[in-house]
Amino acid sequence: AWPPNMALSSQSGRKKQHVQPMFAVHVFQCYKIYSCSFCQCHTFVSGYFQKYKEFEKSVRVEEIDGLKLVKNLAVKMEEVFRKKAEATRRLVEAAEEAHHQHEENPDLQYEYFNAVLINEVDEMGNNVELGGEFLLEPNDHFNNLSVNLSLSVVQVPTNMYNKDPDIVNGVYWSEALNKVFVDNFERDPTLIWQYFGSAKGFFRQYPGVKWHPDEHGVIGFDCRNRKWYIQAATSPKDVVILVDVSGSMKGLRLTIARQTVSSILDTLGDDDFFNVIAYNQEIHYVEPCLNGTLVRADRTNKDHFREHLDKLFAKGIGLLGEALAEAFTILNDFNQTGRGSVCSQAIMLVTDGATEMYDDVFEKYNWPERKVRIFPYLIGRESAFADNLKWMACANKGYFSQISTLADVQENVMRYLHVMSRPKVIDHEHDTVWTEAYVDSLNEKAGPSLMTTVAMPVFSTKNETKNQGILLGVVGTDIPLQELMKLIPKHMVQSAVLYQDGQKRRKPNYSSVDLSEVEWEDKDDILRNAMVNRRTGTFSMEVKKTVDRGRRVLKMHNDYYYTDIKGTPFSVGVALSRGHGKYFFRGNVSVEAGLRDLEQPDVALADEWTYCNTEEQHEHRHLTQIQAIKLFLTGRRPHLKCDRELIQEVLFDAVVTAPLEAYWTGLALNKSENSDKGVEITFLGTRTGLSRTNLFVPGDQDFLTAEDKEGVFNADHFPLWYKRAAEQVPGTFVYSIPFSTAVGIQMKLEFFQRKFWTACRQVKAQQIMQHNLTCTAGGMSIFQLKVTIAAICMFVVCEKRGESVRELDTFSAYLWFSQLLWFLISFHTHSAQRSRGKTMMVPCDTEYPAFVSERTIKETTGNIECEGCVRSFVIQQIPSSNLFMVVVDNKCDCSSAPPVTMDPIEIMYILSRRNTDSLKCDRLKFQKDRKKPESCHPFHPEV
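Residues numbered from 1 in each chain as written. Predicted model: local features only at pLDDT ≥ 70, side-chain atom pairs only at ≥ 80, totals over all residues. Heavy atoms only, no water.

Caption draft 1: Highlighting the overall build of the chain. Across its full length, the chain carries 23 helices and 41 strands. The 943 residues of the chain split such that 57% are buried. Considering only contacts within the chain whose residues lie at least 6 apart along the sequence, 73% involve residues at least 24 apart. Accessible surface, the chain as shown: approximately 41000 Å² in total, 49% of it carbon and sulfur. (Helix = DSSP H or I, 4+ residues; strand = E, 2+ residues; numbered from the N terminus. Buried < 20%, exposed > 50% of the residue type's maximum accessible area, 1.4 Å probe, protein only. Contact = heavy atoms within 4.5 Å. Areas by Shrake-Rupley, 256 points an atom, 1.4 Å probe, with all protein chains shown as cover.)

Set out below in structure tokens:
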């Protein structure tokens, strides 16, 4: 058997402007892929084996211990998270000490660097107030943004006065954080943004960077609405929002009420649960199907309720007593199920007044424990009924606010968070919270980036305020998922998952999704629930993995290994594909030989893989991976942190594949031989991320660049051509018709036609006579079979003289195919759909039609009916390949038959309004088990 872990292919005919289709080929042998001009392929293989024989005694094939692998990965991730949490804790200590030493001064005048105003000048060329000259320099660690590594900047929401005394005092004492920001970054150069979000509304960010308003001159960012702030400031909560829609709420009042509800929804995090009820003389659930229950406050559910707010209209009288009783009942019943937060509870009352205090309702449902807090929001300028609402708030440990205009909404809504945070503050519990993955887009130049945040609350420690439970704000730092991806041993792992409370983080271009929506074959949620509950174990199942943007499907049998990450709410899991994925090829070569072959011009390493950590120290960031490896192995940079095992393997690959360079060079020099084969580019890839590439034609090529996401090794996956070949039957070739970018041997259509018909004419005369056929080139065509199959292919059109169509001699085609390249069609005969099932689908669902080859079917025949004519066909499997020969007669014109494409299909349900609403309702009610936060501070006797 050939040694595993390597892939080799070649390409021809790729141009900037595509006039005709290009085609690719990959050759796979016993976990390796080889291709060149096929008639010389064995020449290279022979040279490869000669080199391999030199090291055979020191070579071994090892089985990967998946459980050990995932535990080691968890330890590495634990260390990353620990460093970030320690940096955050140092910020908490510094902030609390700075505030303790500060004396509030309502007349304080202080010039600070406002993030929007820095480096701005007026008409006279002078710096504007709160602007000033602020040094900014591009920094590659921050996506080449211009930043200041010595100072932070302060952002104030547009709806707030940036010289408000509370803002100025907070900015003044929080200047002490600058020193800690810089110190943290020096201790851990992998840190990115560090910040302090004040309960007063301002946001201090390090390193300093300029912020730019939108086209309306507005910056809508308010740190208090961010997930990290909400989760750190308060405990998980169940909330019922009551909205008065009686006749007195008509006009502007109802508009303000809608905005108030929307702002309350903004303050709810992923650990919270809620419902919205409108009331007049009757109870109206804003979403009728959620009668008597609560739903998780994720983004989808909150947006769904916002859409329904516009449907509210005011009429009748308001019976607040019945609405309060309904809210208390929901909170009690839902809490008993154990499906909610099982922590804090609150009722938000949005109304223009209350004619009585409803003490009988509170006595029945909430006293004496007062576990449900009441937060009344009085809408409008009138205060006739304010006293009753104030009494409700004070009697039920809540807070009263009056909102007169739309501009008042944001700040007044935020005040309830201070009250909800008081038990945590008085208990002095600095809970460390970790958010779900989210896309950060604070700066357009940096672009969106998927990350998680570690955050901690900051409390007032002054003796005179300690018992009041005053929250000063929240500090945090971001952890890009890309940093965690660097820890994954990509040469061993096909896929890795970071999982928290039912939410999966994976690729940088994905949001958090539930694991069951990705590993959809786990229909019983065995893997999902094990990871949600942070267990350690293994699981196996057969999966269908889509590649090439959903156009192709790989059948795999995966073994999953998972464990928890200590000190965090996360679990991590890895998947190993049975066969090549479970074994690894190890060998040893000298450092000198390895470095010599690694530095050859045709060699490259995976751009996003981490052989050496060049990010940890500033002086290493300019190094390429090959440069870092050389400095590490020669002892010139002993402090570089490198993966010695991976480096040893990539050096071995470099040495063993070195004969390929001489072989390719020989082909390039022999122009007549090379032109006959039509090859333009050849390339090889190994499991360690090493690749070799050779051009056979002059001219610029944009092949295997970082933009060819499917065709290169990157932080997320092996190249498409590598994955397809690795999953192919050992000893066979892999051919593909690329849909976009191309890899492998590629040739012009005319070249294929010429070679194909040359081979076909070699069929013996007696075979032609025996089958009584006259065959011509069918060219490119689209055809459709009875089963849902469609393909673009070069096929053979045969006119029958007396009998039905029979097969051509596939062996003759195979002879030519084994010498060079025989283009037919990567033809698949069984449709596989990506959908998990339609029972839970909603109109935004999409199906991805794909075709999977069934290798046990060697030959099949059939008929195509079109326009009253029957057209016969024969399909035969081409030996040692993933191809099929397709032969059809030409007595029918089926050109009017619509093509069957592989384009994604949006599921459009033809249902009645009632059934459509039922599907939506099922989705809203459908809540998978999630692990709740370990910390809960629902109430305190004193507040």
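Caption draft 2: How the structure looks around the confidence of the model for the chain. Counting all residues, the mean pLDDT for the chain is 78, and 75% of those residues have values of 70 or more. Contacts for the low-pLDDT stretch residues 504–511, under 50 throughout, to residues beyond four places or in other chains number 30 contacts. Low pLDDT (under 50) marks residues 763–843, which in the prediction has 229 contacts with non-local residues, meaning those over four places away or in another chain. (pLDDT = per-residue confidence, 0-100.)

Caption draft 3: Main features of helix 14 (residues 591–598). Considered for burial, the residues of helix 14 that qualify are A593, G594, L595, D597 and L598. Structurally, helix 14 contributes buried residues whose contacts are with strand 27 (603–605), helix 15 (625–633), helix 16 (644–656) and strand 31 (690–695).

Caption draft 4: Just the state of the cysteines, in detail. The full count for this structure, using the stated rule, is three disulfides. Each sulfur of the disulfide joining C869 and C892 lies 1.7 Å from the other. Since a negative S-S torsion denotes a left-handed disulfide, the C869-C892 link at about -60 degrees is left-handed. Taken as a pair, C869 in strand 39 (residues 869–877) and C892 in the loop between strand 40 (884–889) and strand 41 (905–906) lie far apart in primary sequence, 23 residues in all. Under the relative-accessibility criterion, C892 is labelled buried at 7%. (Disulfide = S-S within 2.5 Å.)

Caption draft 5: Quick peek at the packing of aromatic side chains. The final tally for this structure, using the stated rule, is 28 aromatic pairs. Relative to W391, the ring of F362 has its centre 6.2 Å away and its plane inclined at 50 degrees; by these criteria the two rings are tilted. A residue pair is termed long-range when its members are at least 10 positions apart, and F362 in helix 9 (residues 359–365) and W391 in helix 10 (residues 386–395) qualify at 29 residues. W391 sits in the partly exposed class, given a relative accessible area of 27%. Joined through ring pairs, the aromatic side chains of Y195, F203, W211, F221, W228 and Y229 make up one cluster. (Phe/Tyr/Trp six-rings, centres within 6.5 Å; stacked < 30°, edge-to-face > 60°.)

Caption draft 6: Summary view of the pairing of strand 30 (residues 681–686). In terms of burial, strand 30 is a largely internal element, six of the six residues being buried. Residues I681, F683 and G685 point to one face of strand 30 and T682, L684 and T686 to the other, with burial holding for every one of them. Two strands pair when backbone bridges link them, and strand 30 and strand 31 are joined in this way by five bridges, in the antiparallel orientation. The residue bridging G685 from the neighbouring strand is S691, located in strand 31. Between the end of strand 30 and the start of strand 31, which pair antiparallel, lie three residues, with G689 showing a positive phi angle near 90 degrees. (Pairing = 2+ DSSP bridges.)

Caption draft 7: Just the pairing of strand 19 (residues 449–459), in detail. Counting buried residues along strand 19, ten of its eleven residues qualify, which places the element largely inside the surrounding structure. Note: strand 17 (residues 433–434) against strand 19, two bridges, orientation antiparallel. Directly across from W434, in strand 19, lies its bridge partner V454. Pairing of strand 19 with strand 20 (residues 471–480), which is carried by nine bridges, proceeds in the antiparallel orientation. When the bridges of strand 20 are listed, F459 appears paired with L471.

Caption draft 8: Quick peek at the UniProt feature "coiled-coil region" (unreviewed entry) in the chain. Taking the numbering used here, the UniProt-annotated feature "coiled-coil region" (unreviewed entry) corresponds to residues 70–105. When the span residues 70–105 is considered, its composition is 89% helix and 0% strand, and the gap between its end C-alpha atoms is 54 Å. (UniProt positions renumbered as here; feature names shortened; annotations may be inferred.)

Caption draft 9: How the structure looks around the packing of helix 14 against helix 15. The contact between helix 14 and helix 15 brings their axes to 11 Å, and the two run at 165 degrees. For the element pair helix 14 / helix 15, the angle class is roughly antiparallel. Helix 15 is crossed by helix 14, and the crossing has left-handed handedness. Listed contacts from helix 15 to V591, L595 and L598 of helix 14 are I626, I629, K630 and L633. In terms of residue class, the contact of helix 14 with helix 15 is built from six nonpolar, no polar and one charged. (Axes fitted to C-alpha atoms, helices over the stretch in contact; angles between N-to-C directions. Parallel < 35°, antiparallel > 145°, perpendicular 65-115°, else oblique. Left-handed = near helix turned anticlockwise from the far one by under 90°. Nonpolar A, V, L, I, M, F, W, Y, C, P; charged D, E, K, R; others polar.)

Caption draft 10: Focus on the pattern of salt bridges. In total, this model carries 31 salt bridges according to the counting rule given. Notably, a salt bridge pairs R253 with E382, separated by 3.6 Å at the nearest N-O pair. Taken together, the residues R253 in helix 6 (residues 252–266) and E382 in the loop between strand 15 (372–379) and helix 10 connect sequence positions 129 residues apart. When its relative accessible area of 55% is taken as the criterion, E382 is described as exposed. What you see here is one network of salt bridges that share partners, running through R60, E62, R586, E645 and E649. (Salt bridge = Lys/Arg side-chain N within 4 Å of Asp/Glu carboxyl O.)

Caption draft 11: Spatial organisation of unusual backbone geometry. For the bond from Y206 to P207, the omega torsion is -5 degrees, close enough to zero to count as cis. Within the element layout of this structure, P207 appears in the loop between strand 9 (203–206) and helix 5 (227–233).

Caption draft 12: A look at helix 3 (residues 165–174). Among the ten residues that make up helix 3, seven are buried, leaving the element largely enclosed by the rest of the structure. Taken together, the buried positions of helix 3 are occupied by I167, V168, N169, G170, V171, W173 and S174. Residues of helix 3 that are buried in the fold lie against helix 2 (66–101), strand 7 (153–155), helix 4 (177–187), strand 8 (194–198), strand 9 and strand 20. Two or three places before D166, at the opening of helix 3, D164 has a side-chain oxygen 2.8 Å from that residue's backbone nitrogen. (Polar contact = N/O pair within 3.5 Å; in protein donor to acceptor, adjacent residues only side chain to side chain.)

Caption draft 13: Representation of the side chain of D272. Within the secondary structure, D272 sits in the loop between helix 6 and strand 11 (273–279). There is a polar contact of 2.9 Å between the side chain of D272 and the backbone nitrogen of K237. Reaching out from D272, the side chain makes a polar contact with the backbone nitrogen of G269 at a distance of 2.7 Å. Sequence-distant contacts of D272, that is, excluding residues within four places in its chain, are made with I230, S235, P236, K237, T267, V295, R296 and A297.

Caption draft 14: Focus on the nonpolar core. Core analysis: the largest hydrophobic core is formed by 55 residues, its most contacted members being W193 and W228. Apart from the residues lying within four places of it in its own chain, the contact partners of W228 are Y195, G197, F203, C223, V433, T435, Y438, T453, A455 and V474. Counting residues in each nonpolar core, the second largest holds 41 residues, with Y611, L640, L646 and W664 among its members. (Core = buried A, V, L, I, M, F, W, Y, C linked by side-chain atoms within 4.5 Å.)

Caption draft 15: Broad picture of the side chain of Q155. Here Q155 is to be found in strand 7. We classify Q155 as buried; its relative accessible area is 1%. Polar contacts involving the side chain of Q155 include one to the main-chain carbonyl oxygen of F221, which spans 3.1 Å. Sequence-distant contacts of Q155, defined by excluding residues within four places in its chain, comprise A115, G201, F202, F203, W211, I219 and F221.

Caption draft 16: Quick peek at a negative patch on the surface. Taken together, the side chains of E103, E104, D166 and E464 define an acidic patch exposed on the protein surface. Looking at the element boundaries, E103 is found in the loop between helix 2 and strand 5 (137–139). (Patch = residues over 30% accessible without salt bridge, like charges linked within 9 Å, V, L, I, M, F, W, Y side chains within 5 Å. Lys, Arg positive; Asp, Glu negative; His and termini not counted. Charge placed at Lys NZ, Arg CZ, Asp CG, Glu CD.)

Caption draft 17: Looking closely at the packing of helix 14 against helix 16. One way to put it is that helix 14 packs onto helix 16 with a least axis distance of 8 Å and a crossing angle of 70 degrees. The orientation of helix 14 with respect to helix 16, classified from their angle, is roughly perpendicular. As for the relative orientation of helix 14 and helix 16, their crossing is left-handed in sense. For the pair helix 14 and helix 16, the contacting residues are A593, G594, L595, D597 and L598 in the first and L651, A654 and V655 in the second. Residues of the contact of helix 14 with helix 16, tallied by class, amount to six nonpolar, one polar and one charged.

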